[in-house]
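Structural overview
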Amino acid sequence: MDRSDTIGLVGSPGQGTCTFQAAFSCDQRMESKQVFSEDRRRFLRQAANAGMAWGLTSLFRGSSLRGQTVAGAGDIAKVYLDSRRMTAPLDRNLFGSFLEHLGRAIYEGIYDPGSKLSDANGFRKDVMEEIRQMGVPIIRYPGGNFVSGYNWLDGVGPREGRPRVLDKAWNSINTNQFGTNEFMAWCRAVHAEPLMGLNLGTGTPEEAAALVEYCNLDQGTKWSDLRRKHGFAEPYGVKHWCLGNEMDGPWQIGHMTATEYGMKAQDAARQMRYVDPSLQLIGCGSSGPFMPTYLEWDREVLEQCYEYVDGLSLHRYFTNTPQDTGGDSAKFLAMNLSMERQIEETVAVCDLVRGHKRSPKKLWLSFDEWNVWYRARSGDATNGHHREAPHLLEEVYNLEDALLVGGLVNSLLRHADRVKVACLAQLINVIAPIMTNANGLLRQTIYYPYNWGLQYARGSVLNLLVESPTYEVSSLGQVPYIDVAGTMNPQDGKVAIFVLNRDLSKPHLVEINWQDKSPGEVLVATVLTGTDLKAFNTFEAPQRVAPQTFAKPATANGRTKFEVPARSYTTIQWSA
Ligand code: AHR
């Protein structure tokens, strides 16, 4: 792909200028959007001609760094923490995830009736136990690209009558043995809320509203009675719904223009709300900054349906490829700053349309697909060849991927004022923190930073002021070595911080300055690090990249000092 990078420095709206943000296009999403590579190549050529390539400019140069103060910061990174200074209450749904009918995510991953590890429903017990322990709050389903060709009626009713369908998004066979009711039962079992995706590709607004009626109405109507006839008396009360998936992408089944989509989404939203006025609806935003229609798509869509939706979606996958980063890990580890720019630009568009409409309503964002993904992204890794449960998108994650995922967790936390839902894409076997085989499961490297967010980020996000020394990244300019996010739970007074050290060769001293009160004892101190950035876990060597105990730092005179190792992501939690 003929594309270069851009990095920019932008402010941190409404947060008291305490984050340092940069951005550059780094996304190679087009690489395997479609199973059929000729279509993909054609789209890329056209996009390049249309000026899709972002210029390689360093917007850091000559900028004054807002947020993390650099001038005079010296060698020690300083974090100023005042528990009265909050960015926003943390919505737990910021740490959601995603399960698509794709590869071995559903079949084999969570549903495997033939397995010795499954229960009477065919659900893998070990997987359910893992998800329960992690406490994943919300899970998006059933796609992804898959949803745009999915007929939900194929997946309900007696199993023996369900059709084997060719899923054209991934060229795979869907037996439909797992559908809406199985997903609801599975969500209940793992204590997660469903985030239902709707087919606005081949599907109609009427079919979308019918699914809402099937899921949420008690009885006495065509679709609620059908659910009862299928053996499920209780309505599910599904609250969050995605109005389509990546409808801006030419790879998407049923792709259309922004205005067409905006009108279809508006119609679907209206019909769905007639059925259940309490729904929270997410409009389909731009698939990412690499799109020629980036932001313009969002604006046009919202001009049509701003009053009908509550949130807007964003997606992003990061890569460390010769094209995007030159394979430079120091640059790769700065990519989370690019996510921040994407969030801020999308918020700006939402608020622009809000202004046009003079609307009292402020939209929130649903970052409902984010991860690292670039190796298993073309050829057979994306083509199911008409098989059931093929091995697709089985990305193997290494240490540097986990460090960036830690940075991405930090970026999401820092934007918790507007991002209310986010989904690590995905959860099991497909670009996933957890892999399964016939005998058990494996935690990939990215499992750890994601799980730390789930376990320790609680209450409200702290508005930290961070001073960090910086490093020069080719064509990016100055990037801080130390990236910090933190939370405080007003209920129990616990404080947690999450520290990424982007320095590939040196440890760094970090000093926390407790501005209003000193913390209690250290409850958790753990670090993910290693000498080999490319190290990864396997079923044979599952602990190659795993958390290590971090020496509990002491606090004296309102200061806590500790050293974070090179190439590391550290979490520390204190009691009140
Ligand atoms: O998560 C994998 C795919 O990436 C999803 O199906 C699609 O929405 C995105 O392009």
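Residues numbered from 1 in each chain as written. Predicted model: local features only at pLDDT ≥ 70, side-chain atom pairs only at ≥ 80, totals over all residues. Heavy atoms only, no water.

1. Examining the overall build of the chain
Selection rule: Helix numbers and strand numbers start at the N terminus; a helix is a DSSP run of H or I with at least 4 residues, a strand a run of E with at least 2. We call two residues in contact when some of their heavy atoms are within 4.5 Å. For accessible areas, the Shrake-Rupley method is used with a probe of radius 1.4 Å. Any residue's cover is judged against the shown protein chains and nothing else.
Across its full length, the chain holds 11 helices and 29 strands. The contacts in the chain between residues at least 6 apart in sequence include a share of 77% that link residues at least 24 apart. In the form shown here, the chain has an accessible surface area of approximately 19,700 Å², with 50% of it arising from carbon and sulfur atoms.

2. Quick look at the side chain of Ser224
Heads up, the rule is: Relative accessibility decides the category of a residue: with a 1.4 Å probe and only protein chains considered, values under 20% of the type maximum give buried, values over 50% give exposed, and everything between is partly exposed.
With respect to the element layout, Ser224 can be found in helix H5 (residues 222-229). The exposure class of Ser224 is buried, given its relative accessible area of 0%. Discounting residues that sit within four places of it in the chain, Ser224 has contacts with Glu213, Tyr214, Leu217, Asp218 and Gln219.

3. Things to note about the sheet that holds strand S29 (residues 568-574)
Spelled out, the test is: In this analysis, strands are considered paired if DSSP registers two or more bridges between them.
Ordered in space as S5-S18-S22-S23-S29-S25-S26, the seven strands form an open sheet in which the pairing is antiparallel. The open sheet is flanked by strand S5 (86-89) and strand S26 (548-549), the only strands paired with a single partner. Across seven bridges, the pairing between strand S22 (residues 482-488) and strand S23 (residues 495-501) is antiparallel. Bridge assignment links Met488 to a residue of S23, and that residue is Val495.

4. Focus on the sheet that holds strand S27 (residues 555-556)
In spatial order, the strands read S19-S4-S24-S28-S27; together these five strands make up an open sheet with mixed pairing. Strand pairing shows two members of the sheet lacking a second neighbour, strand S19 (465-467) and S27, which therefore form its edges. The sheet contact formed by strand S4 (residues 77-81) and S19 spans three bridges and is antiparallel. Within S19, the position partnered with Tyr80 by the bridge is Leu465.

5. Points about the pairing of strand S20 (residues 470-473)
Summarising the sheet, S20 and strand S21 (residues 477-480) pair through four bridges and their orientation is antiparallel. Within S21, the residue paired with Glu472 across the bridge is Gln478.

6. Brief notes about the layout of surface pockets
Convention followed: Using protein atoms alone on a 1 Å grid, points that fit a 1.4 Å probe yet trap it form a cavity, whereas open point sets bounded by protein on both sides within 12 Å along at least five of seven lines form a pocket; residues with an atom within 4 Å of a point count as lining. Grid points are joined across faces, edges and corners, and a volume is the space filled by probe spheres set on the points. The residue classification treats Ala, Val, Leu, Ile, Met, Phe, Trp, Tyr, Cys and Pro as nonpolar and Asp, Glu, Lys and Arg as charged. All others, Gly included, are polar.
The volume enclosed by the largest pocket comes to roughly 180 Å³. What lines the largest pocket is a set of 17 residues, and nearest its centre among them are Tyr150, Asn151, Trp152, Asn199 and Glu207. Counting only elements with at least two residues in the lining of the largest pocket, the list comes to strand S10 (193-197) and helix H4 (205-216). Split by residue class, the lining of the largest pocket holds nine nonpolar, seven polar and one charged.

7. A closer look at the environment of Leu424
Within the secondary structure, Leu424 sits in strand S15 (residues 419-425). Leu424 gets classed as buried once you look at its relative accessible area, which sits at 0%. For Leu424 and Asp368, which are 56 residues apart along the polypeptide, the C-alpha to C-alpha distance reads 7.2 Å. Non-local contacts of Leu424, meaning those with residues more than four positions away in its chain, are made with Gly96, Ser97, Phe98, Trp370, Asn371, Pro433 and Tyr450.

8. Focus: the pattern of salt bridges
This is how the line gets drawn: Counted as salt bridges are all cases of a side-chain nitrogen of Lys or Arg within 4 Å of a carboxyl oxygen of Asp or Glu.
As enumerated under the stated definition, the model contains 27 salt bridges in all. Close ionic contact of Arg162 with Glu182 constitutes a salt bridge, the shortest N to O distance being 3.0 Å. Here Arg162 is found in the loop between strand S7 (138-141) and strand S8 (165-167), whereas its partner Glu182 is found in helix H3 (residues 180-190), with 20 residues between them in sequence. Among the residues examined, Arg162 registers a relative accessible area of 9% and is labelled buried. Given a relative accessible area of 8%, Glu182 falls into the buried group. Its salt-bridge partner being Glu400, residue Lys534 comes within 2.7 Å of it at the nearest N-O pair. Separated by 134 residues along the polypeptide, Lys534 in the loop between strand S25 (522-528) and S26 and Glu400 in helix H10 (residues 399-414) bring together distant segments of the chain. What makes Glu400 buried here is its relative accessible area of 0%. Counted as one network, the salt bridges with shared partners bring together Glu340, Arg414, Asp483 and Arg502.

9. Digging into the packing of helix H6 (residues 258-275) against helix H7 (residues 296-305)
Our working rule: Inter-axis angles, ranging from 0 to 180 degrees, are taken between N-to-C directions of lines fitted to C-alpha atoms, where helices are fitted over the stretch in contact. By convention, the crossing between two helices is left-handed when the near helix turns anticlockwise from the far helix through less than a right angle, and right-handed when the turn is clockwise.
Running from amino to carboxyl end, H6 crosses H7 at an angle of 35 degrees, the nearest separation of the two axes being 8 Å. Judged by the twist between their axes, the crossing of H6 over H7 is right-handed. Residues Ala258, Thr259, Tyr261, Gly262, Met263, Ala265 and Gln266 of H6 form the contact with H7, whose participating residues are Trp297, Glu300, Val301, Gln304 and Cys305. Taken together, the residues of the contact of H6 with H7 break down into seven nonpolar, four polar and one charged.

10. Re the state of the cysteines
Stated formally: When two cysteine sulfur atoms are found within 2.5 Å, that pair is recorded as a disulfide.
Scanning all chains against the criterion turns up zero disulfides. Here Cys305 stays unpaired: no disulfide links it, and the sulfur of Cys284, its closest cysteine neighbor, is 9.7 Å away.

11. Topic: the side chain of Asn371
Which entries qualify depends on this criterion: By the criterion applied in these results, polar contacts are pairs of N or O atoms within 3.5 Å in which, for protein atoms, one can donate a hydrogen and the other can accept it, and in which residues neighboring in sequence qualify only through two side-chain atoms.
Mapped onto the fold, Asn371 is located in strand S14 (residues 364-372). For Asn371, the side chain forms a polar contact with the main-chain oxygen of Ala425, separated by 2.7 Å. A polar side-chain atom of Asn371 sits 3.1 Å from the main-chain carbonyl oxygen of Ile431. Every residue in contact with Asn371, bar those within four places of it in the chain, is listed here: Arg316, Tyr317, Phe318, Tyr397, Val405, Leu424, Ala425, Gln426, Ile431 and Ile446.

12. What about the nonpolar core?
Quick note on the threshold: For this analysis, a nonpolar core means a set of buried residues of the types Ala, Val, Leu, Ile, Met, Phe, Trp, Tyr and Cys, connected via side-chain atoms within 4.5 Å.
By size, the foremost hydrophobic cluster in this structure holds 135 residues, and its most contacted members are Ile131, Trp186, Trp241, Leu243 and Met272. The leading source of residues in this core is H10, at nine residues. Grouped together as the second largest cluster of nonpolar side chains are 31 residues, Ala334, Val473, Val510 and Val564 included.

13. Some points on H3
Counted residue by residue, H3 has eight buried out of 11 residues, so it is predominantly covered. Among the residues of H3, those classed as buried are Thr180, Asn181, Glu182, Phe183, Met184, Trp186, Cys187 and Val190. The inward-facing, buried residues of H3 contact helix H2 (125-134), S7, S10, H4 and H5. A positive backbone phi angle near 60 degrees is found at His191, which sits one or two residues after H3.

Everything listed here is a matter of geometry and, on its own, says nothing about what the molecule does.
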